[in-house]
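Listed below are the residues making up each chain.
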Amino acid sequence: MCRNITELRGLEPAATAEEIEAAARQYVRKVSGIQKLSDATREPFEQAVAEVTATTARLLAALPERRQPPGDDPAAAAPRGAGAHRGARLNRRAVSGRATTPWGTGPAASG
């Protein structure tokens, strides 16, 4: 869905109103969990998108210019989060021959 919302600050040329609204729509979809609008959700959803769009536009206008534009490929960035390096840790354990559980304590479960 919207795992990574595009960074809008510092784009050359500057982010358009459509790009700001698209990012706001992604954000509102993510936090609300709404994927398909119904009659009951349409009005509050669109109101939230309008508010987030306006707030984002004001924020971008108020921030100083960036010294360096954002990277072109956000998918190429290093993984982040609590479990981002878990796979690397597990691979190191397998290579080193240490038999541990995925949580790093005690003997590995056998068979």
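Residues numbered from 1 in each chain as written. Predicted model: local features only at pLDDT ≥ 70, side-chain atom pairs only at ≥ 80, totals over all residues. Heavy atoms only, no water.

(A) Broad picture of the layout of surface pockets. Taken as a whole, the second largest pocket holds about 300 Å³ of empty space. Lining the second largest pocket we find 16 residues, and of these Arg9, Gly10, Leu11, Ala14 and Glu65 sit closest to its centre. (1 Å grid on protein atoms, 1.4 Å probe; cavity = no way out; pocket = protein on both sides within 12 Å on 5 of 7 lines; lining within 4 Å. Points joined across faces, edges and corners; volume = space filled by probe spheres on them.)

(B) Quick look at helix H1 (residues 17–32). Taking 1.5 Å of rise per residue, 16 residues should cover 22 Å, and H1 covers 22 Å from first to last C-alpha, within 8% of that figure. Where H1 is concerned, the buried positions are Ile20, Ala23, Ala24 and Val28. End-on, the buried residues of H1 take up no more than an arc of 135 degrees, which puts them together on one face. For H1, the elements touching its buried residues are helix H2 (39–62). One or two positions beyond H1, positive phi appears at Gly33, with a value near 80 degrees. (Helix = DSSP H or I, 4+ residues; strand = E, 2+ residues; numbered from the N terminus. Expected span 1.5 Å × (residues − 1). Buried < 20%, exposed > 50% of the residue type's maximum accessible area, 1.4 Å probe, protein only. Arc of directions from axis to C-beta. Contact = heavy atoms within 4.5 Å.)

(C) Expanded view of the nonpolar core. Grouped together as the largest cluster of nonpolar side chains are six residues: Ala24, Val28, Ile34, Leu37, Phe45 and Val49. Elements supplying a minimum of two residues to this core: H1 and H2. Residue contacts for Ala24: discarding those within four places in its chain leaves Val49, Val52 and Thr53. (Core = buried A, V, L, I, M, F, W, Y, C linked by side-chain atoms within 4.5 Å.)

(D) Highlighting a nonpolar patch on the surface. Taken together, the side chains of Ile5, Tyr27 and Val31 make up a nonpolar region of the molecular surface, amounting to roughly 280 Å² of accessible area. Topologically, Ile5 is positioned in the segment before H1. Under the relative-accessibility criterion, Ile5 is labelled partly exposed at 37%. (Patch = residues over 30% accessible without salt bridge, like charges linked within 9 Å, V, L, I, M, F, W, Y side chains within 5 Å. Areas by Shrake-Rupley, 256 points an atom, 1.4 Å probe, with all protein chains shown as cover. Salt bridge = Lys/Arg side-chain N within 4 Å of Asp/Glu carboxyl O.)

(E) Representation of the packing of H1 against H2. At a minimum axis distance of 8 Å, the contact between H1 and H2 shows a crossing angle of 130 degrees. In terms of orientation, H1 lies oblique with respect to H2. Handedness of the H1/H2 crossing: right-handed. Contacts between H1 and H2 pair Ile20, Glu21, Ala24, Arg25, Tyr27, Val28, Arg29 and Ser32 from the former with Phe45, Glu46, Ala48, Val49, Val52, Thr53, Thr56, Ala57 and Leu60 from the latter. Taken together, the residues of the contact of H1 with H2 sort by class into 10 nonpolar, three polar and four charged. (Axes fitted to C-alpha atoms, helices over the stretch in contact; angles between N-to-C directions. Parallel < 35°, antiparallel > 145°, perpendicular 65-115°, else oblique. Left-handed = near helix turned anticlockwise from the far one by under 90°. Nonpolar A, V, L, I, M, F, W, Y, C, P; charged D, E, K, R; others polar.)

(F) The pattern of salt bridges, seen in detail. All chains considered together, the criterion is met by two salt bridges. The salt bridge involving Glu21 is made with Arg25; its shortest N-O contact spans 3.1 Å. Here Glu21 pairs with Arg25, and both are found in helix H1, just four residues apart, close to one helical turn. Using a relative accessible area of 35% as the deciding quantity, one classes Glu21 as partly exposed. Overall, Arg25 belongs to the partly exposed group, its relative accessible area being 22%. Its salt-bridge partner being Arg25, residue Glu46 comes within 3.0 Å of it at the nearest N-O pair. Of this pair, Glu46 sits in helix H2 while Arg25 sits in helix H1, and the two are 21 residues apart along the sequence. Overall, Glu46 belongs to the partly exposed group, its relative accessible area being 30%. Bridged by salt links that share partners, the residues Glu21, Arg25 and Glu46 form one connected network.

Keep in mind that these numbers describe shape and distance, not what the molecule does.
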